[in-house]
Every structure is written in structure tokens, then in C-alpha cells.
Number of protein chains: 4
Amino acid sequence: MEKRRIRFNCDYSEGAHEKVLEKLVVTNMEQTEGYGTDDYSRQAKELIRRLCGGTDGDVHFLVGGTQTNLTVISAALRPYQGVIAAHTGHINVHETGAIEACGHKVLALPSKDGKITAAQVEECYLAHMQDGDREHTVMPKMVYISQSTELGTVYSKEELEQLSKTCRKNGLFLFLDGARLGYALVALENGLTLEDLANLCDVFYIGGTKVGALFGEAVVITHPALKEDFRYLIKQKGGMLAKGRLLGLQFLALLEDGLYMEISRYANRQAQRIREAFCEAGIPFLVDNTTNQIFPILPDKVLEEWKKWYTFTYQERVDEGHSAVRFCTSWATREEDADQLVEDIRAISFC
Amino acid sequence: MEKRRIRFNCDYSEGAHEKVLEKLVVTNMEQTEGYGTDDYSRQAKELIRRLCGGTDGDVHFLVGGTQTNLTVISAALRPYQGVIAAHTGHINVHETGAIEACGHKVLALPSKDGKITAAQVEECYLAHMQDGDREHTVMPKMVYISQSTELGTVYSKEELEQLSKTCRKNGLFLFLDGARLGYALVALENGLTLEDLANLCDVFYIGGTKVGALFGEAVVITHPALKEDFRYLIKQKGGMLAKGRLLGLQFLALLEDGLYMEISRYANRQAQRIREAFCEAGIPFLVDNTTNQIFPILPDKVLEEWKKWYTFTYQERVDEGHSAVRFCTSWATREEDADQLVEDIRAISFC
Amino acid sequence: MEKRRIRFNCDYSEGAHEKVLEKLVVTNMEQTEGYGTDDYSRQAKELIRRLCGGTDGDVHFLVGGTQTNLTVISAALRPYQGVIAAHTGHINVHETGAIEACGHKVLALPSKDGKITAAQVEECYLAHMQDGDREHTVMPKMVYISQSTELGTVYSKEELEQLSKTCRKNGLFLFLDGARLGYALVALENGLTLEDLANLCDVFYIGGTKVGALFGEAVVITHPALKEDFRYLIKQKGGMLAKGRLLGLQFLALLEDGLYMEISRYANRQAQRIREAFCEAGIPFLVDNTTNQIFPILPDKVLEEWKKWYTFTYQERVDEGHSAVRFCTSWATREEDADQLVEDIRAISFC
Amino acid sequence: MEKRRIRFNCDYSEGAHEKVLEKLVVTNMEQTEGYGTDDYSRQAKELIRRLCGGTDGDVHFLVGGTQTNLTVISAALRPYQGVIAAHTGHINVHETGAIEACGHKVLALPSKDGKITAAQVEECYLAHMQDGDREHTVMPKMVYISQSTELGTVYSKEELEQLSKTCRKNGLFLFLDGARLGYALVALENGLTLEDLANLCDVFYIGGTKVGALFGEAVVITHPALKEDFRYLIKQKGGMLAKGRLLGLQFLALLEDGLYMEISRYANRQAQRIREAFCEAGIPFLVDNTTNQIFPILPDKVLEEWKKWYTFTYQERVDEGHSAVRFCTSWATREEDADQLVEDIRAISFC
């Protein structure tokens, strides 16, 4: 029997978790208000506030990540202000200049593992603000980080506290892109919680698209300056879903019984099995992490062969003969597919 | 027994037609490519091209109307160019300045019924282009019309032909917003078809959100200049859905067996029943039309009373004591709800 | 002897008043700081603050009107906010969509004489803010008026007070475009002063380009929210002149001995002579005013003839056979040129 | 007698060369067309075309560098396209995000001496264009270089030919910022001429502000796609000078008798004298070059002392105890001021 081609290239190859879909189906013919002002959205917002430790933050639902990033950043910055990010940050490299299209420079900082440090932020801020002619350069006003990062790494509680402290000292907004927040929250040993995020960030989001929803990101805004008129920006940027309840309903399904954490844990476990197989086979990694993305450095010959049975993402050339690639697991990864991959990894070790 | 409060305020109060939802459910756990490059999206695009008379147009799927409008217009215009529209046009009044946020002026023309004429377009174009200092004014480069319009009216084939001719003569792109295209297509006696639209417009869309889908608009681009790099713009503006198949699947469901036309006809029929009841009750209309939106002018006393049982949209004050409001039907309007409204209308006539 | 062709088409056909030029010449080889931080600019700013009644407003110098308008409006508005203006306003019709290119809608109000009223502003504001779905429309946040207007009319002190009161009540910034401020200030019988402008407006400018300078507009910002980081915006929008002293020097020359008012009075006097000649000849006007722009409605035959000896601006067709045109005087208008025109006007009356 | 404080911090501390100023004075009261359509501007454009080897390029005059950069780049790019530049490029670091404010990402390449190579451009282009998901990244469409660079270095003819070839091969526009073009043209041994620039670049400018004019940059556009409607963009971006002749007149003065080259040579000679003095004193440079900017690395103690008599620009800290600074000469540098500096440099060598 022929092997199926299995997708490990990303964490959004399937539809939604069955409980999410079910919620949409059973409420389908109900009549509700549009644009996110319905009762389901209200309930989901209330639930999120509760999970964030009873924050008085505003919650808004958007459809996707790029849309969320550009809307939040547009809300935060005056025209001459910029946003600091790792050069690997999604807004810097994978959003077709969406932030610049809203008029703002991304001030990119070097990073090996997808993270930036409080010290880097401070240095960048001072470099732009101490000069006598400072109005000739962009004014940094926001820091963008991803949790987990584009390289699967996570900020520890201490790292986030330092970033938060530096941002507050210098009047910078701290914005955490949580497109893969589930995978990060359950990966942490030190107990960084949603409540911590609400305390340490000025705005962050709980990603649904990559963690069990059909689509959707739940933005939590705690800084008063960012709350003002946010719905105007959602509408103007094209992100206000007519049937807004679809977003509220999905987040209710994901968050009301701990499903979000449960499926994130599952995905990380599958990733860990695969990661360990690579380790045992003596395969090095481009970057170490404990979430749902794995970045092995593999012989090009193996990659050429594997293309027939797997899809994965090309990351970068490492040397003549070897490339780093990305494998992702998700809430939807099937055990038997991970088994298959593990088996094929073991086969390499005998090469 | 207490009467339920029934929503007639818009055509997107419910979820999706059951056939649309079913398609999402049965394909849910399949693995596909992301970002609209999957097979379902490909099939849906092929189907749409076929329904448009075998056009070689490009088809793209977006989530919502404002997003579609701003993406198409960004694709069409250089920075100093503007788009001509009726002053009642959605882009002019109900998108929070989304077009201006992309840098472009909306050149608004007066309109009583939501439509603009070829003669108006020509006059506006010439007024901006004949002056010796024409670079001091915006250059008109696109015409935006809605079918059906925001006032429920429809352009006849002849009207559209004239607009198209004027646009081509003057190098203007013709863009038709089809958020409610279904209701317009089946309302027309003169047989304006998708094929006609593909021939007469440079770009138009087939609206899903208001005609049976959870969400989604299918953009058809026939002018080569507008095709170029359109996916870059979708991504940059935040409109590229990660699980793009959700859009392809919904349009397959709507279009493969004529469902789109069928449910549009149903909605118009319900509207017609209600409209006739108003007529018989001697209630005048703000504007005449034959689609799914009805604009009666009612005594404020009646409206005050009706608010308890119905939701409808306030349109404008007509005189002291009377206001125009909007009632919408849709594919999801229940016969018994329309019956109820008709009954209540009849009751007015005895006031 | 052949008659010279005389320019009455605008108020910027010549260079600068000799005293302005002289100041540039005598300081030419001095070394100063760049970007407007030099002593001459400092002195000019201090002088302007003094002339504005000792205001603590910030003063900035920019090169031209469109640049000033787009910089001020960019400083004032968040992305979803718009600026209210007369439909005849310079920003609405003669700046190639500069405001929209900065992302903002111009909310145009009808006007016969170039002015808008407090009542119109209030109505426009309420129409955008009372609706339950107000985030679907642009939020008005600034009012733009010109003094004198594009039709040469002036706001009286009372009219300006009413506008100011309405703006403050509704949280709208009041911005006065003073490209032709000199001609307006000396035209008023009721004593509207620079001090009044500083009190009633949140930001306004004293136009130099059209009143004796080579170029230059002096912006006075009294509202604290508009002061913040204004130099960043000047730089970003391309308006920060390297040799900023050129602006400071010119305004010193214009303002230190009352030259600005003196030459404005002269221009208005020449305009008045021409206006009276038209009156006596029975020529009607498109709009009545007492500043340096004159809008006679003339037979096309006369205009055709006059084109040989004069340049003037075509305004609009009034009826078959008659058009409204614009004649401008300025500080540089020569008495003998005005004499010539008056003579030619008298000749019409005998047609 | 007390020493005067002498400015070497930039090349725009004085007004204009006397011949430039004289031209403005003698034509001051002439009446001309506005907005650059006058005869002087026409003559200056014709002269520039002739000096560029009879190119059929379009010539436009703008007031300043940032304004020119943002206008040219806006004319060249569609919304999702970006411009490649050295990370030290003026548009990347010293224009307050002006390019991003027009919607475009600056794709910054590392550079030690302010220059970028054809190989770097090619690599950057391919990195953005080979990926299957290339619409997720910005599309490079223009290359921006400065001649001389922000570090005073110059591209040789061969380097420019290679850049040009790479750009043409990949459909990239080549844009040369010539704010300091004079100093570069006369610094080159290999004879890179204006004609070469017209042949090798798609658009470039001849800087006036830093080379003898009060202000002004002359843009030469040779690529047909960039010519289209360029005046619309000048107007929209606020760069259309009402009294446009001021620009034409200044370029006539600078270019009609070789003044531009002559004064550039003079400035470079003064720089060379100073540079040699540093050399003899054993002072190293941050970067080697032969134009009007000098970047010595000096002991902080010396800099502290020199601050009393000279202004110069702080560039960067090199080590504890030493900093790189910038001294500029210009057409206006006085021999005796350079003498003074040379003398003070010699004094260091005995420390």
C-alpha cells in the first residue's frame, strides 16, 4: 500500500477542532446582532477577562494574524513612530510590508533564536532618542514580540518581566503576538499564565487559527491608550466580521473547558516525540525549543527523498549538503502520522 | 404566548445555508495547502470562470466586503488617483474611511436611488482632466458601483453597458461591488448575467456573506492590469485567510447546483410579499426596488411600537412624524416571520 | 507700442518684497544651525508669539501651503478620523488628494461663498457620532477653514467665535488656513486680530508665499495635543528645510515693521479699484468679497479678447455666453497695470 | 583676540553662492507662470538634459532631499513593493520613516562604507522572489544608492555599471540620490559623468541644497514608467513650489558656466587639506574617501576641547576613549577656517 503524503509544513492544514465546529453548527440558524456585538461574543469576552485574572482589559476578535498585527500597531502609533521587533519577527518578514503599508517602520533587531532582550530594546530606544536631531529618525514607541516565536522558542516569565519593565520605563507599548500562544503556555515550566500576560503586556492576543479554530485571534488590550476607538480601526482595516459571533463562538468552545490548553499539550507532545527521534539519530537543530515547531538540519539527500511523503517548510541553507527545515505538529496531528515520521527518522540514522 | 423579536435589520443575522455548513463539516479533517492554493479553492475558481462564460479572469476569495473593496482599489490606483462613487456608496459612507486610509480619495457623485449614470461619470472625469493645472486635482481612474445598490436598486443591462463604455473610453476601471449580487441577478427582468458582468466590468465580486455563506466574497478580475500581483495585496491588507479552503468550499456549495440563485430568489420573494403589504397599506417608499431591501416611510408612532417585536435599520428622517427605515429579507428569512410582519403591516392600515 | 501681457491670474507671479530679499542677501554668508534651530528663526518665532498677544503657542515654519495642510492634519488625526471642510476648500479640491494620501477623509460640506457655518459643522458631527454603528463611519475630529477663503470671502469675528465654540463643545480641532491671511486681516472692519486667531483656533498659519515672501508659511499651534512632536512630522513629510533660517529671515522682514499688513492693504486697494470698475460697468460677481481676489462674470467674447493682454483664472461657466473668472492683485501689483485693467473694464461698458 | 566658533558640522550652514543669489535678485520682479512651468525652469531643464548627454529624460525641481526621495519612491512602487538600500542610507535612518509613511518597506543591506554591491542586491532580490510563498514578503522593486554616500564614499563607474546591469536583469529601478553629487563627480578619477548617470540609472538627482543653492534638487527621470504623471506626485506630496522659477533660476546659475563643478572641486580640496593634516597627525579614519566629508577617529579629550571652537557631527563611539566624528567642507568653507583647523590638528600630533 502506498504511503499517504503527510503534511507537517504548518499548523493550519485542517479545519477546526470538532467541538469548535459543533458550536457553529448548533447555533447556525439563530439570529444575532452583527459585528461582534452579539451575546456569544460578549460571553467569550467575559470568559477571557476571567481567564486573564479578572483584568478590565478590552477584548476584540479578529480573523487572522496579519490583520491583527496591523490593526493593533495602527492603533498604537502616531505617523512618525515605529515598532521594535526581532528581524525574524512575523511583521518584519512575512506580512508583505503590512506595517509599512500602515505607515510605520519596523525597527528590526538581530536575533539568533527569534527572541529579543530588554537590553537590546533599551539600546535601540536610546540610540533613537538621545541624539540632538532625534526628529530625523523614527521614534520607537512599541515593542513587538511573538510567544512562541517564529522559531518556536518561548520567553520565560523573567525575560518577559524585564522586557515589560524596560518598556514601561521608556514609554514603549509591549505587544505580544500570540498566534501560537497555546503551544507556548503549555511549554513553559515556570508558569507564565494568561494573567501574567495581562499584567506584563499592554496588548496581546490568544491565537485561534493555529490552535484549533477555523480562524480567529482574541486581542486583549490592557493599556487605556490602546483601548480608545479600537473598533473604528478594526472596521477601517477590513477586519470587522459581519457575522462576528463566529469568532465569539469559537473562542467559547476553545476556552470554556480548557480545550485550548489540552490540544496545545497534545501538539507539543507529538513534537517532542519527533524531536527526540531526531536527537537519537544525531540530527542537530537550527534552534532548540520545546513547542510545536521543530527545526532539524538535514542532509539535502534526505530532504529530497522525504518530499515524496511529507510536506515541510524550507528554512535556510546551513552548508553545502545540509539545510534547516521546519516540521510542525498541531492539535490535529494524527498519532499514526507522527509514528510514521519517527520511523523514517530512525531510518536515517543508519545511513 | 409572547411574540419573539424578529430580525429584519440586515441580511446576515444567521450563520450559513445548511449545504454550505455541511461542506465545511465533511471536509474538516482533510489536510490541504493554506492561503487559497488548495484544490477546493481551485475547483471553485474554475467553476466561477465557467459561470462567467468561460472568462480567463482571475478569481480570488476574500473574507468580507470592506476588505475586498480596499484591496481591489489599492490594486487599481496609483497614489494620486481616486475612485468615483455614488455619495451613498458603501466605500463613501460605511467603511470608516478605509479607501482614504489606503491613500485614495472617493470622488462622490450625488444620487437619489444609489445609482450613478454614465453621464455623471463622464462629467466628473472631464472636470478633473481638462484643466491646465490638472495635477492639482485627484485623477479619477476607477468607477465603483454596487449591484444591488445600498438602496436595493439594480443597474439594468443597458445602464451597465453605458457605464462600461464611458469607462473604457476614458481609461477608467469599472468595479462592481456585488456584496448583494445574488439578490440583484434574480431581480432583473432583462437578463444581466455573470457573463455580462465579466464582459462589462474590469473587476467585480460575487458576495457570499449576505447570500448564504458564513463569510466570503469571490472577486473576478478580468482586466490584465488589475490581475498583476493581486495576492501580494491580499496578504498585505490582512485578507489572506490561512485556511483558505474555507472560502473555496463555501463558494462550491453555493454555486455548484444553482443554490446561490435559488436562495436569492427566495429572499426577494419574501421581500416582495412584505413590500406589497406596505403598498396595500398605503405606505410610501423612500426608494422603489425589487430586491431584498425594503425602505418604507412609516409614522414614528408605528416604528416606536414595532421596535418591541422587530429589529430594522433607521434610514433617515423624512418629515416631522415620519421616518424611512430598512427591512431586509435573506435566504434565511422564515416564512412565518414574514407572515407575522405582513400581518402587522395590515394592522397599520386600519390606524 | 504693443501692450505687455499682464498677470492677474494669481498672487505669486513675482519673487519677494524687496525688504524680504534684502534680508536674505545681507545674511547670506553667515553660518547658522540648520533645520530651523537658528537664531533668526528663534527671533521670528518670538516675534510671532508677541504679535499673537503673547501666546505660548508653538511656531513652526514650512515652505508651502499643501505641505503645511498635510502636516498639520497628519499631526491632528488618528487613522480613522476625518477633517470637515467646505467643498470648495483647498484641501478638498486643489491638493491632489494630499490629505487622503495621509490616510484621512475630507468630509466636504456644501458652500456658496467658500465659508461653512457652525450649524453645518454641528450637524455633520452629530450625523457621524449619534448612530449606534458609528465605528462604520469616519469620526470627524478637525474643522478646516480658510481665511480669506478660496472665494476671497472672510469669516467675521462672530462667525469665527461660533465655529470655535462648536468645535470646543464637540472636541473638534479648529484649523485655519491662512495662506492669504494678510489680505483677510486688513479687509475686516470688525477687528479680527492675530491674537483673536490664537485664542479661537487650535492651529492656524500666517501665509508668506502669497503675501510678500519667496515662500513660507508660519504655523502657530496653540492646542497642546497638536504641539507634541510636530517637528517629527515636518521632517517625515519632507517639509523640514535644511537652511531653515531662510524662513525665519523672511518672516522677520515681513512682520517686524508691519510690512505684512501694509502690503496686504495695498493689494486690497488695487483689487477694490478693479472691483469698482466692474461694478460701474454693470458686471456682476460670482461672489462678493473685499479682499485681493475678484470674481466677475464676463461675456465669453470679452474673455476671449482679454486673453491676449491678461492672464486670469477660469472659474466656472455661468450660462451660455458667460463665465466667472478670477483676477488677483497682490503686494506686487503695479499701479499702472491696475490702471490698464480698469481702463479696459470701462471699455466693456460701452459694448 | 577670541577665536570664532567655526562650523564644519554640515555642508549647508550658509545661504547660496553669490551667483545663485544674484540671479534671484535680478529677476525678482518679473512676472512668471507658477509651479515650475515658467521659462527659467524650462531653460534649466533643457540645460540639464544637454549636460546629461542629450537625454530625453524628464527633469523636475524639488526643494529638498527627503521630499525628493519620498516622491520618487512613491512614483516607482506599487503598495507591496519595497526599496533596497544600504542600512546607512539616508532613507533608512535619517528621514523619520518618510518612505514607510508612504507605505513602503526599506530593505536594508549591511554596509561598512555606505555602498552596496551588485551581488548584495542580487542576493536580496532572489531571497524575496524564489520562495513559493513569495507574496508573503515584500517585493523588491527599486534600489536606492547615494553618490557620494552618507560616508563620503563614491561608486566607481564599474560599480555603477554592475549595479545597473543587475537592476535591469531583475526589473529593479535604480535610483541615485545625488544630494552631494557635485562632490562625487569631481572626486572621481575614472570619469563618471552626468551622461553616465543618465544611461545607468532610471532616476537620479543633482543636489543643489548642499552644493551652492539656497535649496533645490534637480530630478532626472529616464525610465518611461517613472515619468508618468510625476507632477501629480510632486503636488500631492507637498513638493510643488508655487514660485517654481526659484528652482529653475538657481540651477541655471549653478550649471550654465560650470559653477557646480568648480565649487565642488573647491570643497573637496579644502577637505583634502584637512584630511592630510589628520593623516600626518596619525589620526585614523572611520572610512576612507576623497569627497567633502571627513570621518576622523579622535580622542574624546580632543573632541571635548574642540567643541569650544568648532561644530562637527558626532558619528559613533569607536572604543572607550575614542569617537568617530564628521567634518564637512563645502563651496562656502573659508580658506582661513580650514587653515585654523589644520593648525589645531597639527597641535594634536604633539599630544
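Asker: Before we go on, may I ask you to explain the overall build of chain A in this structure?
Answerer: Within chain A, the regular secondary structure consists of 15 helices and 13 strands. At 21 Å, chain A has a C-alpha radius of gyration in line with the 20 Å of a compact globule built from 351 residues. Over its C-alpha atoms, taken along the principal directions, chain A stretches across nearly 60 × 60 × 35 Å. Relative to its full complement of 351 residues, chain A shows a buried share of 67%.

Asker: Mind showing me how you'd approach the relation of the copies chain C and chain A here?
Answerer: One copy of the chain maps onto the other through a rotation about an axis plus a displacement along that axis. Once chain C is rotated about the relating axis by 180 degrees and shifted along it by 0.0 Å, it coincides with chain A to within an RMSD of 0.0 Å. Look at the turn and shift together and you get a two-fold axis relating the two. Among all residues of chain C, the minimum C-alpha distance to the rotation axis is found for Arg78 of chain C, at 3.7 Å. Looking at the interface residues of chain C, 100% of them are also at the interface in chain A, so both copies use one shared face.

Asker: Would you take a moment to explain the interface of chain A and chain B for this structure?
Answerer: Interfaces are often sized by the amount of accessible area the parts lose when they come together. Between chain A and chain B, the contact holds 44 residues from the first and 44 residues from the second. When the two sides are added together, the surface that chain A and chain B hide from each other amounts to roughly 4,000 Å², 54% of it contributed by carbon and sulfur. At the boundary of chain A and chain B, one finds two salt bridges. A salt bridge links Arg7 of chain A to Glu33 of chain B; the shortest N-O distance between them is 3.0 Å. Seen at the junction of chain A and chain B, the total is 28 residue pairs in polar contact (both at pLDDT 80 or more). Only strand S1 (6-7), helix H1 (18-26), helix H3 (65-76), helix H5 (98-101), helix H11 (230-236) and helix H12 (245-255) of chain A provide two or more residues apiece to the side of chain A that touches chain B.

Asker: Help me out: how do you make sense of the confidence of the model for chain A in this one?
Answerer: Keep in mind that low pLDDT regions are not for reading the predicted coordinates in detail. Model confidence for chain A is summarised by a mean pLDDT of 96, while 98% of its residues fall at 70 or above. Interface predicted TM-score (ipTM) for the complex: 0.97; the corresponding pTM is 0.97.

Asker: Mind showing me how you'd approach unusual backbone geometry here?
Answerer: Ser148 of chain A follows Gln147 of chain A through a cis peptide bond whose omega is -10 degrees. In this fold, Ser148 of chain A is placed in the loop between strand S5 (139-146) and helix H7 (157-169). Phi is positive for Tyr35 of chain A, which is not a glycine, with a value near 60 degrees. By the secondary structure assignment, Tyr35 of chain A is in the loop between H1 and helix H2 (39-51). We classify Tyr35 of chain A as buried; its relative accessible area is 16%. Not every positive phi belongs to a glycine, and Thr96 of chain B is a case in point at roughly 50 degrees. Among the structural elements, Thr96 of chain B can be located in the loop between helix H4 (90-93) and helix H5 (98-101).

Asker: How should I be thinking about the side chain of Gln236 of chain A in this particular structure?
Answerer: You can see Gln236 of chain A is positioned in helix H11. Within polar-contact distance, the side chain of Gln236 of chain A engages the backbone oxygen of Pro79 of chain C at 3.0 Å. If we ignore the near neighbours within four places in the chain, the residues touching Gln236 of chain A are Thr66, Leu70, Glu95, Thr96, Gly97, Ala98 and Ala101 of chain B together with Pro79 and Tyr80 of chain C.

Asker: So what exactly am I meant to see when it comes to H7 of chain A here?
Answerer: Because an α-helix completes one turn every 3.6 residues, residues spaced three or four positions apart along the sequence face the same direction. Residues and elements named next belong to chain A. Compared with an ideal rise of 1.5 Å per residue, which puts 13 residues at 18 Å, H7 spans 18 Å between its outermost C-alpha atoms and is within 8% of the ideal. Those residues of H7 lying buried are Leu160, Leu163, Ser164, Thr166 and Cys167. What you see down the axis of H7 is that its buried residues fit within an arc of 165 degrees, all on one side. Residues of H7 that are exposed and angled more than 90 degrees away from the buried face: Glu158, Lys165 and Lys169. The positive-phi residue at the C-terminal boundary of H7 is Gly171, with phi of around 70 degrees.

Asker: Would you explain the relation of the copies chain A and chain B in this entry?
Answerer: Between chain A and chain B, which share one sequence, the superposing operator has a rotation angle of 180 degrees and an axial displacement of 0.0 Å; the RMSD is 0.0 Å. Taken as a fraction of all interface residues of chain A, those also at the interface in chain B reach 100%, which identifies the copy contact as same-surface.

Asker: I keep staring at the pairing of strand S7 (residues 203-207) of chain D and nothing clicks. Help me out?
Answerer: Within a regular strand, side chains alternate between the sheet's two faces. Residues and elements named next belong to chain D. Taking burial as the measure, the five residues of S7 include five buried ones, the bulk of the element. Where burial is concerned, the two faces of S7 agree: the one with Val203, Tyr205 and Gly207 and the one with Phe204 and Ile206 are both buried. As paired elements, strand S6 (residues 173-177) and S7 share two bridges and run parallel to each other. The residue bridging Phe175 from the neighbouring strand is Val203, located in S7.

Asker: Where do I start with the sheet that holds strand S8 (residues 217-221) of chain D in this structure?
Answerer: Adjacent strands of a sheet pair through backbone hydrogen bonds, lying either parallel or antiparallel. All names here are of chain D. A sheet is described by the order of its strands in space; here seven strands give the open sequence S2-S8-S7-S6-S5-S3-S4, paired in mixed fashion. Both edges of this open sheet fall to strand S2 (58-62) and strand S4 (106-109), since each of them pairs with a single strand only. Each neighbouring strand pair of the sheet contributes to a mean axis angle of 25 degrees, computed without reference to strand direction. Inspection of the sheet shows strand S3 (residues 81-86) paired to S4 by four bridges, in the parallel sense. The residue bridging Ile84 from the neighbouring strand is Leu107, located in S4.

Asker: Looking at this model, I keep getting lost on the interface of chain C and chain A. Mind explaining?
Answerer: Contact with chain C, which involves 20 residues of that partner, is made by 20 residues of chain A. Around 2,100 Å² of area is buried between chain C and chain A when both sides are counted, 53% of it from carbon and sulfur atoms. Sorting the residues of chain C by area buried against chain A places Tyr80, Glu135 and Tyr232 of chain C first, and these three jointly supply 36% of that buried surface. There are two salt bridges connecting chain C and chain A. Between Arg231 of chain C and Glu135 of chain A there is a salt bridge, with its nearest N and O atoms 2.5 Å apart. Between chain C and chain A we count 10 residue pairs in polar contact (both at pLDDT 80 or more) in total. Of all the secondary structure elements, the ones that give two or more residues to the side of chain C that touches chain A are helix H3 (65-76) and helix H11 (230-236) of chain C. Looking at the side of chain C that touches chain A element by element, the count peaks at five residues for H11 of chain C. Classifying every residue of the side of chain C that touches chain A by side-chain character gives nine nonpolar, four polar and seven charged.

Asker: Looking at this model, I keep getting lost on the packing of H1 of chain A against helix H1 (residues 18-26) of chain B. Mind explaining?
Answerer: Each packed pair of helices is defined by two parameters, the angle between the axes and the distance between the axes. Contact pair H1 of chain A / H1 of chain B: the axes reach a minimum separation of 11 Å and the direction vectors enclose 170 degrees. Classed by the angle they form, the pair H1 of chain A and H1 of chain B counts as roughly antiparallel. Listed contacts from H1 of chain B to Leu21, Leu24 and Val25 of chain A of H1 of chain A are Leu21, Leu24 and Val25 of chain B. Taken together, the residues of the contact of H1 of chain A with H1 of chain B sort by class into six nonpolar, no polar and no charged.

Asker: Which parts of the structure should I look at to understand the environment of His136 of chain C?
Answerer: Relative to the elements of secondary structure, His136 of chain C occurs in the loop between helix H6 (118-129) and strand S5 (139-146). The exposure class assigned to His136 of chain C is buried, which follows from its relative accessible area of 4%. Once the C-alpha coordinates of His136 of chain C and Tyr80 of chain C are considered, the two residues, 56 residues apart in sequence, prove to be 9.8 Å apart. Contacts of His136 of chain C, omitting those with residues within four sequence positions, involve Tyr35, Lys235 and Met240 of chain A together with Val93, His94, Glu95 and Thr96 of chain B.

Asker: What's the story with the packing of helix H12 (residues 245-255) of chain C against helix H13 (residues 259-280) of chain C in this structure? I'm lost.
Answerer: Residue and element names in this part refer to chain C. Direction vectors running N to C along H12 and H13 enclose 70 degrees, while the axes themselves pass 5 Å from each other. On the basis of their axis angle, the class for H12 and H13 is roughly perpendicular. Judged by residue contacts, Ala253, Leu254 and Leu255 of H12 engage Leu259, Tyr260 and Ile263 from H13. Tallied by class, the residues present in the contact of H12 with H13 amount to six nonpolar, no polar and no charged.

Asker: Could you clarify how one ought to interpret the packing of aromatic side chains in this entry?
Answerer: The relative placement of two aromatic rings is captured by the distance of their centres and the angle of their planes. In total, this model carries 54 aromatic pairs over all chains according to the counting rule given. Centre to centre, the rings of Phe278 of chain B and Phe285 of chain B are 6.2 Å apart; their planes meet at 90 degrees, and the pair counts as edge-to-face. Judged by relative accessible area, Phe278 of chain B falls into the buried class, the value being 0%. Every member of this aromatic cluster is reached through a ring pair, and the members are Phe8, Phe278, Phe285, Trp306, Tyr310, Phe312 and Phe327 of chain A. The residue whose ring lies beneath Lys141 of chain A is Phe173 of chain A, and the NZ or CZ to ring-centre distance is 5.5 Å. Sitting over the face of the ring of Tyr155 of chain C, Lys115 of chain C holds its NZ or CZ atom 5.7 Å from the ring centroid.

Conventions adopted
- Residues numbered from 1 in each chain as written.
- Chains lettered and ligands numbered in written order.
- Predicted model: local features only at pLDDT ≥ 70, side-chain atom pairs only at ≥ 80, totals over all residues.
- Heavy atoms only, no water.
- Helix = DSSP H or I, 4+ residues; strand = E, 2+ residues; numbered from the N terminus.
- Rg over C-alpha atoms; globule rule 2.2 N^0.38 Å.
- Buried < 20%, exposed > 50% of the residue type's maximum accessible area, 1.4 Å probe, protein only.
- Least-squares fit on C-alpha atoms with pLDDT ≥ 70 in both.
- Contact = heavy atoms within 4.5 Å.
- Buried area = accessible area lost by both parts, 1.4 Å probe.
- Salt bridge = Lys/Arg side-chain N within 4 Å of Asp/Glu carboxyl O.
- Polar contact = N/O pair within 3.5 Å; in protein donor to acceptor, adjacent residues only side chain to side chain.
- pLDDT = per-residue confidence, 0-100.
- Expected span 1.5 Å × (residues − 1).
- Arc of directions from axis to C-beta.
- Pairing = 2+ DSSP bridges.
- Axes fitted to C-alpha atoms, helices over the stretch in contact; angles between N-to-C directions.
- Nonpolar A, V, L, I, M, F, W, Y, C, P; charged D, E, K, R; others polar.
- Parallel < 35°, antiparallel > 145°, perpendicular 65-115°, else oblique.
- Phe/Tyr/Trp six-rings, centres within 6.5 Å; stacked < 30°, edge-to-face > 60°.
- Lys NZ or Arg CZ within 6 Å of the ring centre and 35° of its normal.

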